[in-house]
Amino acid sequence: MSKIKIAYSPCPNDTFVFDAWAHGRIPGAPRLDVTFADIDVTNGMAERGEFDVLKVSYAVLPYALDEYALLPCGGALGRGCGPLVLTRAPGTDLSRATVAVPGERSTAYLLFRLWAADVLPDGVGRVVVLPFHEIMPAVRDGRVDAGLVIHEARFTYPEYGLHCLADMGEHWETTTGLPIPLGAIIARRALGPELLSLLAESARTSVRMAWDDPEASRPYVMEHAQEMDPAVADQHIGLYVNEFTADLGEAGYSAVRGLLTRAAAEGLVPPLGREALSFV
């Protein structure tokens with residue numbers, strides 16, 4: 001079997017999840033040809049039909065599920081882990097603000113739009129897209145008025161002297177009671193049911209092996225963590241790798257359907273077909 005071409009981010013949760021699989025420690029698992037790319041890049045790859053397996057934003061699923069299937073494991077959902085809106089000062093009026101976001105097809109932006117529809121009657125002034133690692137410096141330096149941040153920024157934004165104006169995940173959980181859908185693992189449907197099932201089982205096994213021996217993944221995690229403090233990397237993994245990573249389960253699927261149904265009702269994404277989230 002030729003190698004499976006996979007693209008995921010260099011973030012600690014992804015390298016932690018895929019470490020055992022990427023390094024050939026899972027008997028019988030397909031070999032991987034790994035490309036690292038930030039999620040705004042992998043979202044574009046999914047829309048263009050590139051790669052066999054991709055880590056993408058849940059927000060991109062309505063544009064990709066004709067060609068790709070959602071794997072029931074390996075992704076990122078959770079509680080208390082949503083995107084934040086940061087500002088230099090409390091009480092910033094977003095109706096007159098320029099807000100930096102990490103991609104208009106990101107789940108973070110979808111959650112932001114749903115939050116704004118609920119709580120900002122005057123809307124948002126202007127939205128600009130920046131790579132997520134540039135957003136906090138841009139807010140701190142006054143190049144934008146506010147920033148929508150993800151990942152480890154939840155832990156590090158006080159170091160930039162910034163304030164949390166709103167927590168998108170908190171709003172989502174309060175209004176729905178569901179976990180927050182963030183990142184999904186998708187695989188090309190043309191690979192066929194047998195191989196898709198093997199990919200899912202390999203991802204699930206890789207997650208469980210990482211939990212069983214966390215230190216085994218540390219060199220891989222820190223090699224790609226972009227000079228992140230090890231303690232922050234551990235917090236990142238602890239927040240984004242959880243029971244939903246091993247198995248979406250009923251609550252996970254409900255969260256994904258809830259997000260995309262609400263977004264479609266607001267005209268933010270195309271509606272999903274009835275069987276769009278079916279695996280094999």
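Some thoughts on the pattern of salt bridges
Here is step 1: All chains considered together, the criterion is met by 13 salt bridges.
Here is step 2: One salt bridge in this structure joins Asp141 and Arg140, with 2.9 Å as the shortest N-O distance.
Here is step 3: A salt bridge links Asp234 to Arg218; the nearest nitrogen and oxygen atoms lie 3.1 Å apart. With Asp234 in helix 10 (residues 230-240) and Arg218 in helix 9 (residues 214-223), this pair connects stretches of sequence that are 16 residues apart.
Here is step 4: Assessed through its relative accessible area of 37%, Asp234 is described here as partly exposed.
Here is step 5: Residue Arg218 is classed as partly exposed on the basis of its relative accessible area of 27%.
Here is step 6: One connected set of salt bridges, linked through shared partners, spans Asp52, Glu67 and Arg188.

Remarks on the packing of aromatic side chains
Here is step 1: Within the structure shown, the criterion is met by six aromatic pairs.
Here is step 2: Centroid distance Tyr8 to Phe18: 4.5 Å. Interplanar angle 10°. Geometry classified as stacked. Here Tyr8, found in strand 1 (residues 4-8), pairs with Phe18, found in helix 1 (residues 12-22); they are ten residues apart in sequence, far enough to count as distant.
Here is step 3: On the basis of an interplanar angle of 85° and a centroid distance of 5.5 Å, the ring pair of Tyr8 and Phe36 is categorised as edge-to-face. Within this pair, whereas Tyr8 is found in strand 1, its partner Phe36 is found in strand 2 (residues 32-36), the two being separated by 28 residues in sequence.
Here is step 4: Here a set of aromatic residues connected by ring pairs shows up, and it is made of Tyr8, Phe18, Trp21, Phe36 and Tyr220.
Here is step 5: Between Lys5 and the ring centre of Phe51, over which it is positioned, the NZ or CZ distance is 5.0 Å.
Here is step 6: Positioned over the ring face of Tyr63 is Arg105, at 3.7 Å from the centre of the ring.

Quick notes on the rules
- Residues numbered from 1 in each chain as written.
- Predicted model: local features only at pLDDT ≥ 70, side-chain atom pairs only at ≥ 80, totals over all residues.
- Heavy atoms only, no water.
- Salt bridge = Lys/Arg side-chain N within 4 Å of Asp/Glu carboxyl O.
- Helix = DSSP H or I, 4+ residues; strand = E, 2+ residues; numbered from the N terminus.
- Buried < 20%, exposed > 50% of the residue type's maximum accessible area, 1.4 Å probe, protein only.
- Phe/Tyr/Trp six-rings, centres within 6.5 Å; stacked < 30°, edge-to-face > 60°.
- Lys NZ or Arg CZ within 6 Å of the ring centre and 35° of its normal.

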